[in-house]
Amino acid sequence: MRLILLGPPGAGKGTQAKMLDEKFRRPQVSTGNILRKSIQNGTEIGNRAKIFMDAGKLVPDDVVIGLIKERIVEEDCRAGFILDGFPRTIVQAERLTETLDEMDLSIDAVVDIEVEGEELVGRLTGRSTCIDCGAMFHEMSRPPLKASVCDSCEGELCQREDDKEDTIKKRLEVYEQETAPLKEYYRKQGNLKTVQGSGSVEDIFSRVCAVVS
Ligand code: ADP
Ligand code: ZN
């Protein structure tokens, strides 16, 4: 099973990818998470990426393509993977297609999670993520039992640097310009599945499962 999750920032790709990972035992491969880890570890890639990420811009294609190429040849990806946040530009999508072709592999489904622009801003403002396990919380819809502490692993919750109002607007603009055209790219390839991203996390998950299995 090789999946791509598409959709704007705040659509819930990360949440759904994590749930798919648990259900189907295929790793969630999130370029956003990989990049944030590189920043934490103070690597050269991390330091370079941080400038783009904090501004709500995309990290250069070469950087993320390099990271993905290294990641998907790892042992745990052999039976499949769930790409979350990659590809995000046409160039990235083309390079992914080429790379998979060379490995004699292909994508089974591209799931586009659709959510209205105004709702996205509300979702991104006020959300926090566990540093240790990646679990997500939200002030309004899913507050943690104890402030700033993860319900599942007691890790520390932190707000993302790029979840500030101005940066959120920039990320949504970048999505419209750079990433939304991927829907057409994958529609032409015949494997685009569109799923409504409103309702509870569980509702959305059933819709996602219905189109991938
Ligand atoms: P979201 O989808 O909520 O914006 P992500 O964690 O997927 O969150 O991405 C956060 C940031 O990481 C992006 O705004 C961008 O700067 C960078 N990033 C992640 N994936 C990519 C990618 N495939 N190409 C370029 N930049 C990326
Ligand atoms: Zn946690």
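Here the residue index of a chain counts from 1 through its sequence in written order. By the order in which they are written, chains take letters starting at A while ligands take numbers starting at 1. Note on the predicted model: pLDDT of at least 70 is required for a residue's local features to be given, and 80 or more for side-chain atom pairs to be given and counted; whole-chain, interface and lining totals, by contrast, use all residues. Side-chain descriptors were evaluated using all non-hydrogen atoms of the structure, hydrogens and water having been removed beforehand.

**Student:** Describe in detail helix 4 (residues 61–72), supporting the description with residues and values.
**Tutor:** Counting from the N terminus, the helices are DSSP H or I runs at least four residues long and the strands are E runs at least two residues long. One fewer than the residue count of a helix, multiplied by 1.5 Å, yields its expected span. Between its first and last C-alpha atoms helix 4 spans 16 Å; for 12 residues at 1.5 Å apiece the expected length is 16 Å, and the two agree. With a 1.4 Å probe rolled over the protein chains alone, any residue whose accessible area is under 20% of its type maximum counts as buried; one over 50% counts as exposed, and the rest are partly exposed. Turning to helix 4, its buried residues number three or more, namely Val63, Val64, Ile65, Leu67, Ile68, Arg71 and Ile72. Should any heavy atoms of two residues lie within 4.5 Å, those residues are considered in contact. The inward-facing, buried residues of helix 4 abut strand 2 (28–30), helix 2 (31–40), helix 3 (44–54), strand 3 (81–84) and helix 5 (90–102).

**Student:** Summarise empty space enclosed by the protein; cite the residues concerned and give the values.
**Tutor:** One water molecule sets the probe size; rolling that probe over the atoms shows where empty space is left. Buriedness for pockets is judged along seven lines, at least five of which must meet protein on both sides within 12 Å for an open set on the 1 Å grid over protein atoms alone, while cavities are sets there where a 1.4 Å probe fits but cannot get out, and lining residues have an atom within 4 Å of a point. Grid points are joined across faces, edges and corners, and a volume is the space filled by probe spheres set on the points. Per the stated rule, a full pass over the model turns up one cavity of 30 Å³ or more. Taken as a whole, the largest cavity holds about 40 Å³ of empty space. Taken together, Ile65, Ile68, Lys69, Ile72, Phe86, Gln92, Arg95, Leu96 and Thr99 make up the full set of residues lining the largest cavity. Counting residues per element, the ones that place at least two in the lining of the largest cavity are helix 4 and helix 5. Considered class by class, the residues forming the lining of the largest cavity number five nonpolar, two polar and two charged. Here the nonpolar group is Ala, Val, Leu, Ile, Met, Phe, Trp, Tyr, Cys and Pro; Asp, Glu, Lys and Arg are the charged ones; every other residue, Gly included, is treated as polar.

**Student:** Give a detailed account of the pairing of strand 1 (residues 2–6), specifying residues and quantitative values.
**Tutor:** Taken residue by residue, a regular strand's side chains alternate between the two faces of the sheet. With respect to burial, strand 1 is a largely interior element, five of its five residues being buried. Of the two faces of strand 1, both are covered, the one formed by Arg2, Ile4 and Leu6 as well as the one formed by Leu3 and Leu5. Paired strands, as defined in this entry, are two strands with at least two bridges between them according to DSSP. Direction of pairing for strand 1 relative to strand 3: parallel, over a ladder of four bridges. From the neighbouring strand, Arg2 faces strand 3, where its bridge partner is Phe81. Sheet topology places strand 1 next to strand 4 (residues 109–114); four bridges connect them, and they run parallel. Bridge pairing in strand 4 places Leu3 opposite Ala109.

**Student:** Explain the packing of aromatic side chains to me, and be specific about the residues and the numbers.
**Tutor:** Between 30 and 60 degrees the pair is tilted, below 30 it is stacked and above 60 it is edge-to-face, where a pair is any two Phe, Tyr or Trp rings, Trp via its six-membered ring, whose centres lie within 6.5 Å. Taken as a whole and assessed by the stated rule, the structure comprises one aromatic pair. Positioned above the aromatic ring of Phe137 is the side chain of Arg142, whose terminal nitrogen or guanidinium carbon lies 4.7 Å from the ring centre. Whether a charge sits over a ring depends on NZ of Lys or CZ of Arg being within 6 Å of the ring centre and within 35 degrees of the ring normal.

**Student:** Break down the coordination of the zinc ion (ligand 2) for me, citing the residues and quoting the values.
**Tutor:** Around the zinc ion (ligand 2), the protein contributes the donor atoms Cys130 (SG), Cys133 (SG), Cys150 (SG) and Cys153 (SG), which lie 2.3 to 2.4 Å from the metal centre. A donor here means an N, O or S atom no more than 2.8 Å from the metal, or no more than 3.2 Å when the metal is Na, K or Ca. Since water is not included, a site may seem to lack partners. Metal sites are grouped by the angles between bound donors: all angles between 85 and 135 degrees with four donors is tetrahedral, opposite donors over 155 degrees apart with the others between 65 and 115 is square planar for four donors and octahedral for six, and any other pattern is irregular. If you look at the zinc ion (ligand 2), its four donor atoms make angles of 99 to 116° with each other, and the shape they trace is tetrahedral. The sequence pattern formed by the donor residues of the zinc ion (ligand 2) is C-x2-C-x16-C-x2-C. Here Cys130 is found in strand 5 (residues 127–130), whereas its partner Cys150 is found in the loop between strand 6 (136–138) and strand 7 (157–158), with 20 residues between them in sequence. The exposure class of Cys150 is buried, given its relative accessible area of 2%.

**Student:** Please give an account of the sheet that holds strand 7 that cites residues and values.
**Tutor:** The strand order 6-5-7 describes an open sheet built from three strands, whose pairing is antiparallel. The open sheet has two edge strands, strand 6 and strand 7, and neither has a second partner. In terms of strand pairing, strand 5 meets strand 6 through three bridges, oriented antiparallel. Residue Arg127 lies in a different strand from strand 6, and its bridge partner there is His138.

**Student:** With reference to specific residues and values, describe the side chain of Thr179.
**Tutor:** By the secondary structure assignment, Thr179 is in helix 7 (residues 165–179). Exposure remark for Thr179: the relative accessible area of 5% places this residue in the buried category. Beyond its immediate sequence surroundings of up to four residues, Thr179 is in contact with Leu6, Pro87, Arg88 and Val174.

**Student:** So what's going on with a negative patch on the surface? Which residues, and what values?
**Tutor:** Patch definition: residues with relative accessible area over 30% and no salt bridge; like charges joined within 9 Å; nonpolar side chains (Val, Leu, Ile, Met, Phe, Trp, Tyr) joined within 5 Å. Areas reported here follow the Shrake-Rupley algorithm with a probe of radius 1.4 Å; residue values treat only the protein chains shown as occluding. What counts as a salt bridge is simple: a side-chain nitrogen of Lys or Arg found within 4 Å of a carboxyl oxygen of Asp or Glu. In summary, the charge assignment counts Lys and Arg as positive and Asp and Glu as negative, without counting His or the chain termini. Charged groups are reduced to one reference atom each: NZ for lysine, CZ for arginine, CG for aspartic acid, CD for glutamic acid. Taken together, the side chains of Glu94, Glu98, Asp101, Glu102 and Asp104 make up a negatively charged region of the molecular surface. Positionally, Asp101 belongs in helix 5. Taking the relative accessible area as the measure of exposure, Asp101 reaches 52% and is therefore exposed.

**Student:** Please give an account of the nonpolar core that cites residues and values.
**Tutor:** Grouping buried Ala, Val, Leu, Ile, Met, Phe, Trp, Tyr and Cys residues that are joined through side-chain atoms within 4.5 Å yields what is termed a nonpolar core. Judged by nonpolar contacts, the single largest core of 26 residues is most densely connected at Ile4, Phe81, Leu83, Leu96 and Tyr186. Every element with two or more residues in this core is listed here: strand 1, helix 3, helix 4, strand 3, helix 5 and helix 8 (181–189). The greatest single-element share of this core, amounting to six residues, is contributed by helix 4. Discounting chain neighbours no more than four positions away, the residues touching Tyr186 are Ile4, Pro87, Ala93, Leu96, Val110, Asn191 and Leu192. Formed by 20 residues, the second largest nonpolar core is a distinct cluster that contains Ala109, Val111, Ile168 and Cys209.

Nothing here speaks to function; it is geometry throughout.
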